[in-house]
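So you can see what is in the structure, the chains are spelled out below.
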Amino acid sequence: MENARRVLVTGAVGQIGSELTPALRARYGNENVVAAGHRTKPSAALREAGPFETVDVTVRADLERVVDHYAIDTVYHLAAILSATGERSPGLAWSVNMGGLYNVLEVARERKLRQVFVPSSIAAFGPETPRERTPQETVLRPRTIYGVTKVAGELLGDYYVRRYGLDVRGLRYPGIISSETPPSGGTTDYAVEIFYAAVEGKRYTCFLREDTVLPMMYMPDCIKATLDLMEADPAGLRHRCDFNVAAMSFSAEELALEIQKHVPSFVCDYRPDSRQAIADSWPQTIDDRAARAEWGWKATFDLEAMTADMLVHLGARYKKGTLWPR
Ligand code: AKB
């Protein structure tokens, strides 16, 4: 175990944070990884395994207090408002996503922190971007406020690298599928909700059309990509805060059919809502050759492997009566 790091994870109670935090604690020691959340109650596991702090990332003093108190040298900044929530509250998305990021980067610059991770998303792309094998370097004209903050966040992170020599890195996450903590407020959330319905023996009504294809990634690959990028030799990195990463792409109907191979009685119907327009503005498949070449990225899980694993994990929790957090 490497013990030389003091890590802060913002958004630790969210979908990615709740699995990245234990992975970082396993690597650097429980006491060396501070989980920070804001409104959502942390699970007992997250709260009890190591330090937990309430941090509003829009309040710089909150970040300064925690960074100073724990002598933090590395920040994984995951706190964010996602695409669908952002369209309902653009001002909130701007303030959390941009204000929060600016605060994190300023605290990191002032205290000369070692590293900052800043996630971007496929939401950085827009309808003018090529939707097939979306290139690393391409048109970035998103139509959502979330996407606008992701493009600005990539540029701001790169600016801190060049202007101040701060080691900032980031990935354009696709939709993330996981069995631990459900996502909330995103356009790709259907790809998790559908599994909960399937294991509970319920019908699922998908909020996207059946032929909607989006890039997705299973959580173990998401954690691996995040940690591998942060541990990559900086000398090999030509890009910094905007790496395309790909794992699998499928339509909503292909996912339902894959689930039906395991749960033949499962029924999915489709009633697209306002999230359809968001999905239609995003890529279908991603060209991740830059990530492969610069730090050796390669996904492990495809649609078949992810579906089987999700059903095993959620099925076991359903049998134990712990599918939903209490
Ligand atoms: C969302 O759907 O908003 C997120 C994302 C793709 O960044 N999951």
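Residues numbered from 1 in each chain as written. Predicted model: local features only at pLDDT ≥ 70, side-chain atom pairs only at ≥ 80, totals over all residues. Heavy atoms only, no water.

Glancing now at the packing of helix H7 (residues 190-199) against helix H12 (residues 303-320). With their axes 10 Å apart at the nearest point, H7 and H12 run at an angle of 50° to one another. Relative to H12, H7 is oriented oblique. As for the relative orientation of H7 and H12, their crossing is right-handed in sense. Side by side, H7 and H12 meet where Phe195, Tyr196 and Val199 of the first sit next to Met306, Thr307, Met310, Leu311, Leu314, Gly315, Arg317 and Tyr318 of the second. Taken together, the residues of the contact of H7 with H12 sort by class into eight nonpolar, two polar and one charged. (Axes fitted to C-alpha atoms, helices over the stretch in contact; angles between N-to-C directions. Helix = DSSP H or I, 4+ residues; strand = E, 2+ residues; numbered from the N terminus. Parallel < 35°, antiparallel > 145°, perpendicular 65-115°, else oblique. Left-handed = near helix turned anticlockwise from the far one by under 90°. Contact = heavy atoms within 4.5 Å. Nonpolar A, V, L, I, M, F, W, Y, C, P; charged D, E, K, R; others polar.)

Surveying the vicinity of the ligand reveals the residues Leu82, Ser83, Ser121, Ile122, Tyr146, Gly186, Thr187, Thr188 and Trp282. Protein chains shield 93% of the accessible area of the ligand, which is 250 Å² for the free molecule. Partitioned by chemical class, the residues of the shell around the ligand number four nonpolar, five polar and no charged. Counting the residues that make up the shell around the ligand, at least three belong to each of domain 1 (7-175 + 217-244) and domain 2 (177-216 + 248-286 + 300-320). (Near = heavy atom within 4 Å. Areas by Shrake-Rupley, 256 points an atom, 1.4 Å probe, with all protein chains shown as cover. Domains from an automatic or database assignment.)

For the rest of this paragraph, the subject is the side chain of Asp242. Inspection of the secondary structure assignment puts Asp242 in the loop between helix H8 (219-231) and strand S12 (243-244). Excluding residues that lie within four positions of it along the chain, Asp242 makes contacts with Gln136, Glu137, Glu154, Asp158, Gly170 and Arg172.

Let us look at the pairing of strand S11 (residues 213-218). The element S11 is largely enclosed, with a buried count of six among its six residues. Side chains Val213, Pro215 and Met217 project from S11 onto one buried face, and the interleaved Leu214, Met216 and Tyr218 project onto a second face that is buried too. Pairing of S11 with strand S13 (residues 248-251), which is carried by four bridges, proceeds in the antiparallel orientation. Counted as the bridge partner of Leu214 is Phe250 from S13. (Buried < 20%, exposed > 50% of the residue type's maximum accessible area, 1.4 Å probe, protein only. Pairing = 2+ DSSP bridges.)

Below, the discussion takes up the domain arrangement of the protein. The domain boundaries assigned to the protein delineate domain 1 (7-175 + 217-244) and domain 2 (177-216 + 248-286 + 300-320). Computed from C-alpha atoms alone, the centre-to-centre distance between domain 1 and domain 2 is 24 Å. Between domain 1 and domain 2, the residue contacts involve 29 residues of the former and 32 residues of the latter. Of all residues in domain 1, the largest losses of buried area upon contact with domain 2 belong to Gln15, Arg131 and Tyr218, amounting jointly to 31% of the total for that side. Counting across the interface, domain 1 meets domain 2 through zero salt bridges. Viewed at the interface, domain 2 and domain 1 are joined by 17 residue pairs in polar contact (both at pLDDT 80 or more). Of all the elements in the fold, those that place two or more residues in the side of domain 1 that touches domain 2 are helix H1 (17-28), helix H4 (83-88), S11 and H8. Grouping the constituent residues of the side of domain 1 that touches domain 2 by class yields twelve nonpolar, ten polar and seven charged. (Buried area = accessible area lost by both parts, 1.4 Å probe. Salt bridge = Lys/Arg side-chain N within 4 Å of Asp/Glu carboxyl O. Polar contact = N/O pair within 3.5 Å; in protein donor to acceptor, adjacent residues only side chain to side chain.)

If you walk across this open sheet you meet the three strands as S6-S8-S12, and the pairing is parallel. Every other strand in the sheet has two partners, leaving strand S6 (120-121) and S12 as the edge strands with one partner each. Both S6 and strand S8 (residues 171-173) contribute to a ladder of two bridges, which runs parallel. Looking at the pairing, Ser120 lines up with Arg172 of S8. Packing against the sheet, H8 makes contact with S8 and S12, and its axis sits at approximately 170° to S8.

The end-to-end C-alpha distance of H8, which contains 13 residues, comes to 18 Å, matching closely the 18 Å that a straight helix rising 1.5 Å per residue would cover. All of the buried residues in H8 are Met219, Asp221, Cys222, Ile223, Ala225, Thr226, Leu227, Leu229 and Met230. (Expected span 1.5 Å × (residues − 1).)

For the structure shown, the criterion picks out ten aromatic pairs. Measuring from ring centre to ring centre gives 6.1 Å for Phe117 and Tyr173, while their planes differ by 50°; the resulting arrangement is tilted. Taken as a pair, Phe117 in strand S5 (residues 115-117) and Tyr173 in strand S8 lie far apart in primary sequence, 56 residues in all. By relative accessible area, which is 0% here, Phe117 ends up buried. The class of Tyr173 is buried, set by a relative accessible area of 6%. When the ring of Tyr218 is compared with that of Phe301, the centres are 4.9 Å apart and the planes differ by 70°; the resulting orientation is edge-to-face. With Tyr218 in strand S11 and Phe301 in the loop between helix H11 (289-295) and H12, this pair connects stretches of sequence that are 83 residues apart. (Phe/Tyr/Trp six-rings, centres within 6.5 Å; stacked < 30°, edge-to-face > 60°.)

In space, the three strands of this open sheet follow the order S9-S11-S13, with mixed pairing throughout. The sheet terminates laterally at strand S9 (175-177) and S13, the two strands that pair on one side only. Taking the axes of each pair of neighbouring strands and ignoring which way they run, one obtains an average angle of 45° across the sheet. The pairing of S9 with S11 spans three bridges and is parallel. Within S11, the position partnered with Gly175 by the bridge is Met216. Lying over the sheet, H7 contacts S9, S11 and S13, oriented at roughly 25° with respect to S9. Contacts between H8 and the sheet are confined to S9 and S11, with S11 contributing the most and set at about 75° to the helix.

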